[in-house]
Amino acid sequence: MRWLGVLLGMTLAGCTTIEVRGRALPRALAVDPADIGEAPTGVPTRAVQSFTAAGLPAVLVRDPGSELVSLQWAVGCGRVDDPPERAGLTEVMLQAMLTGGAGERSTSEQQLAQARLVHFDLAIDDAESWLMVTVRREELKEALVLLAEVFRSPRFDEAALARLTRTGGKILEEPDILARDWARTVRQRSLFGEASPLSRRSTPQSFSSIRREDVVAQHRRCVQPAFLSLGVAGDVDEATVAAALAPLEGWVGGAPRERHLAPDVVGGSHVYVVPTPVGGRVQVEVVSVGLRPGSEQRAAAWVMASAMTGELFYALRQRGGMIYDVTVDVEVGPTTGMTLIRFGTRREHAWVATSETLKALRSWWQHWPLTDEDLEKYIDRVATHWSRRSAAGLALSAAVARLQGGPPVTVEALRAVKGWEVREVFSNTLRPDRLQVIVSGPLSETDDWAALGPLLRAPAPSSPR
Amino acid sequence: MVSALVTAVVLLVAPPSVPDVKRVTLGNGMRWLLVPRPGAPRTSGVITVAAGGVDEEMGITGVAHLLEHLAFAGTPFVGSKRGWRVEEPFHDEAMQAADAYAALEKLSLSGTLEGGLLYTRLVTLENQWRTKSDSASYQRLLSSRDISSNASTAKHVTRYVSDLPAGQLQFWLTLEAQRFAAPVFRDFRVERSVVLQELKDRSSPLDRAYDQLYWTAFGASGHGWPTIGWEADVRALAPGDLDGFYARRYAPGNAVGCLVGDFDLQAVSRWLEDTFGAIPARSVEARHDVVLQPRTRARLEANSAELLLAFPMPPRTDSTWKPRMAAVQLVMGVTAVHGVVPTLAGPDLPAVRATVAFGPGDWGPHLAMLRLKLPAGRDAAGVERAFWEALQRYEPTAAELEVALAQLAFSHASETSTPLGLASVLSEAELMFGRWEVSWDVQRSAPTLAQVRAELAQMFRPEEAWVIELGPKR
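Before going into details, it helps to say that this report is about the structure given with it. (Residues numbered from 1 in each chain as written. Chains lettered and ligands numbered in written order. Predicted model: local features only at pLDDT ≥ 70, side-chain atom pairs only at ≥ 80, totals over all residues. Heavy atoms only, no water.)

Thoughts on helix α4 (residues 113-130) of chain B
Residues and elements named next belong to chain B. Between the first and last C-alpha of α4 there are 26 Å, a value that for 18 residues agrees with the 26 Å anticipated at 1.5 Å per step. Of all the positions in α4, only Gly115, Leu118, Leu122, Leu125, Glu126 and Trp129 are classed as buried. Projected down its long axis, α4 carries its buried residues within an arc of 100°, all on one side. Turned more than 90 degrees from where α4 packs its buried face, Leu113 and Leu117 sit exposed. For α4, the secondary structure elements touched by its buried residues are α3 (84-106) and α7 (188-201). (Helix = DSSP H or I, 4+ residues; strand = E, 2+ residues; numbered from the N terminus. Expected span 1.5 Å × (residues − 1). Buried < 20%, exposed > 50% of the residue type's maximum accessible area, 1.4 Å probe, protein only. Arc of directions from axis to C-beta. Contact = heavy atoms within 4.5 Å.)

Describing the packing of helix α2 (residues 63-70) of chain B against helix α10 (residues 239-249) of chain B
All names here are of chain B. Two elements in contact, α2 and α10, have axes whose closest approach is 10 Å; the angle formed by their N-to-C orientations is 95°. It follows that α2 is roughly perpendicular to α10 by the angle criterion. Residue-level inspection shows Val63, Ala64, Leu66, Leu67 and Leu70 of α2 in contact with α10, the latter providing Asp241, Leu242, Phe245 and Tyr246. When its residues are assigned to classes, the contact of α2 with α10 shows eight nonpolar, no polar and one charged. (Axes fitted to C-alpha atoms, helices over the stretch in contact; angles between N-to-C directions. Parallel < 35°, antiparallel > 145°, perpendicular 65-115°, else oblique. Nonpolar A, V, L, I, M, F, W, Y, C, P; charged D, E, K, R; others polar.)

Description of the environment of arginine 189 of chain A
Residue and element names in this part refer to chain A. Looking at the secondary structure, you find arginine 189 in helix α6 (residues 175-192). Overall, the relative accessible area of 27% leaves arginine 189 in the partly exposed class. For arginine 189 and proline 454, which are 265 residues apart along the polypeptide, the C-alpha to C-alpha distance reads 16 Å. Excluding anything up to four places from it in sequence, arginine 189 contacts Trp182, Glu194, Ser199 and Val266.

Let's talk about the state of the cysteines
Residue and element names in this part refer to chain A. Inspection of the entire model under this criterion finds one disulfide over all chains. Disulfide pairing is shown between cysteine 77 and cysteine 222; the S-S distance is 1.9 Å. Taken together, the residues span a long stretch of sequence, with cysteine 77 in the loop between β5 (68-75) and α2 (89-97) and cysteine 222 in helix α8 (residues 212-222) at a distance of 145 residues. An identical accessibility class is assigned to cysteine 77 and cysteine 222; each is buried. (Disulfide = S-S within 2.5 Å.)

Concerning the sheet that holds strand β6 (residues 255-261) of chain B
Consider a sheet: its strands pair through backbone hydrogen bonds, and that pairing is either parallel or antiparallel. Residues and elements named next belong to chain B. One open sheet holds the six strands; their spatial order is β1-β2-β6-β3-β5-β4, and the pairing between them is mixed. Every interior strand has two partners, whereas the edge strands, β1 (22-25) and β4 (148-153), have only one. Across the sheet, the axes of successive neighbouring strands diverge by a mean angle of 15°, strand direction being ignored. Direction of pairing for strand β3 (residues 42-49) relative to strand β5 (residues 158-165): antiparallel, over a ladder of eight bridges. Paired with serine 44 across the two strands is aspartate 163, which belongs to β5. Helix α11 (residues 265-274) contacts β1, β2 (31-36) and β6 of the sheet and is inclined by roughly 160° relative to β2. (Pairing = 2+ DSSP bridges.)

Keep in mind these numbers describe shape, not what the thing actually does.
See the structure below:
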């Protein structure tokens, strides 16, 4: 009977007008779209070209038709490079650099010229920083002349520095930023111990103690060709970029600085509860530190992160849509690999969602649940995602890969990932004996966090001192 | 001397380059804009419909947004497990029951015995319908073709955006034309509850401040309520409300499509005729004009202290838009030290931080909103006074205007630098004004310093501003 219905349905669909509550489907459109063409067999991808320009390792990602050119500088200098009593120095130095070079123009003219031509964004991490510069294509050459001046001999104007250090300190006192910064500090201390450079926390005092000579010295140590790589994205070719970068030719910075980056990882697993009554959501981080994936394992780390994100999202959503999002990242540090599982949720769901996450991880340590077929699905997903990344995003990750000394992750590299590699990254970077759970936000009094592991209550955030 | 300076300013800022666009008008009035990008690995496709918050009425606020959500539930061919003829009676019966139950909800009678019985019947019918349908099929089919798809609803338009591999254009056009002509609103109540959840998450003091601001500035019109709708209205929306809204706004002549990517123009033109060209023409209602209400002041309770100042802006294609935008840019500060706001917001200054936002929607009259975050205990009236005084002292220079114009050119380049962004701007300008070029005409105009100064004096006056203060209970 059922098949008769299907047959009848199909026949009727072919000879009468289909209507959906008054919305008529024209006969020309009464076709099954699935019958048109075939599913694509590969994903189209942007090519990443590696080259050297003005002595800098560089990569280019073509972006046909774009009016903008994006210059993504990966700088091998981060929070760990701050002197202990000057936490925040690298950030101030990079921001101060952007207030102008030491040309013949006045500070005001210099700032106006820069504001007219280039648009900056800055991100600081533990061991690296990213300086993202965007310019209009027709102004690339002019902008790079200006940038060269800024990179070679920044002005480090006293007034601008004073403003930046005051702003840096003030921002830390804003409740939302204070809460986020405190939760991050608790996480870093839980992983690396209080004394580690990785646990350093900027304070209004550390900002106010920064002097011009510190900034100049930090610039000499960090911003030099040996610690830079450049990712370019735009409708430009290699020759155009190389010509535009010519003003940087012959630029020599100071001697490479020494870095002490081997962190002591704290053993044991804990649940840290950080009461921060700011914002409406509870943020949960489940973090573990293990071995640093080798450069050839970077693609496998991406696949692992994608698979974990997919599996966790599904597992947590099964519990009634209690989370807003979940992401899994593998952060490749100078000597370690850190797996970070993050999600935001309502207060009433925080405990159950965290418990479910830990339950999933425990079962995965017993038995990695992914079949080769599942893995293929996730490889496909991450390769597709990769191919859809913006040209600027691809350029940045390729620049970072060059800075770290490995080949950029490509769709081909992702497709070549094997199951055992993913399992190896999983077991090396996500360690059950080093799993820290950091729960921050407006927490419920009744939740039994101690049931999830040895509990440590962090004090509420106070102004950093 | 002044005019010589101004001329120099104009020459320094390179105007945005105009894209090479082919316009195709189908027999039913639907327009398509085609932008070939040889070498682009993927194609961006946008279909923009002149259907948004401004087309709603009191009682059915949020209907445009809910329709956009349900447009992803499939078509008669995509989402039917055993063919539409099998699914249709289940669909019809469940939709009728949902209409009847929503009618009781609108009258607050859903808690009655009749309401209870009807609800039980509705749930039964929906479960039966689900055995014949699958609302996730549409997204699954797209994924299988490596196509990502999303949508957003604004005040004037709803835009459906997709990113697809080059070889999938014919498939995508067929599927989208089918969806445009005959969407099936499967899992209606599930999706409505998703929107209600979105509404719950939107309850910050700032959200309340914007809601209050729009209501006082635009009154009981589509500009006056949030695009997501008021909770009571969304809770009572029925399938019939969506049908009515669809019939009023989703006509081919009321939509513009745009493709940006590496494709064959002739083949695409043929496919467009075969797909979207097959949808019969229909007329749509004209839109109402927006009337700005008298300026007001209000105070809302919140944990943190903020001051929100709003000023009227013309549509973004109006000749006065560019000088006004330049004026806003100058006030906000083109560098950390040039402008009005840099003297007010920062360490040791009256405000902690300042941001600017525009809304609701910018294709019609809208507002420029300056938001000043105040330190705890700071008197908002004092900060507001300081703002007006700083404005009176401020004299923009030609060099500052040059930077402001360059920054506006950069913003436009950013907005249109991705294929998706370009397709969105092109299709919206074409839809709203009949010529996509109008958006570039305005962007390429270069107001003089005198014009911008005049706008500055005209726009930033206490009697021109709506003011909302957020702060702790007094």
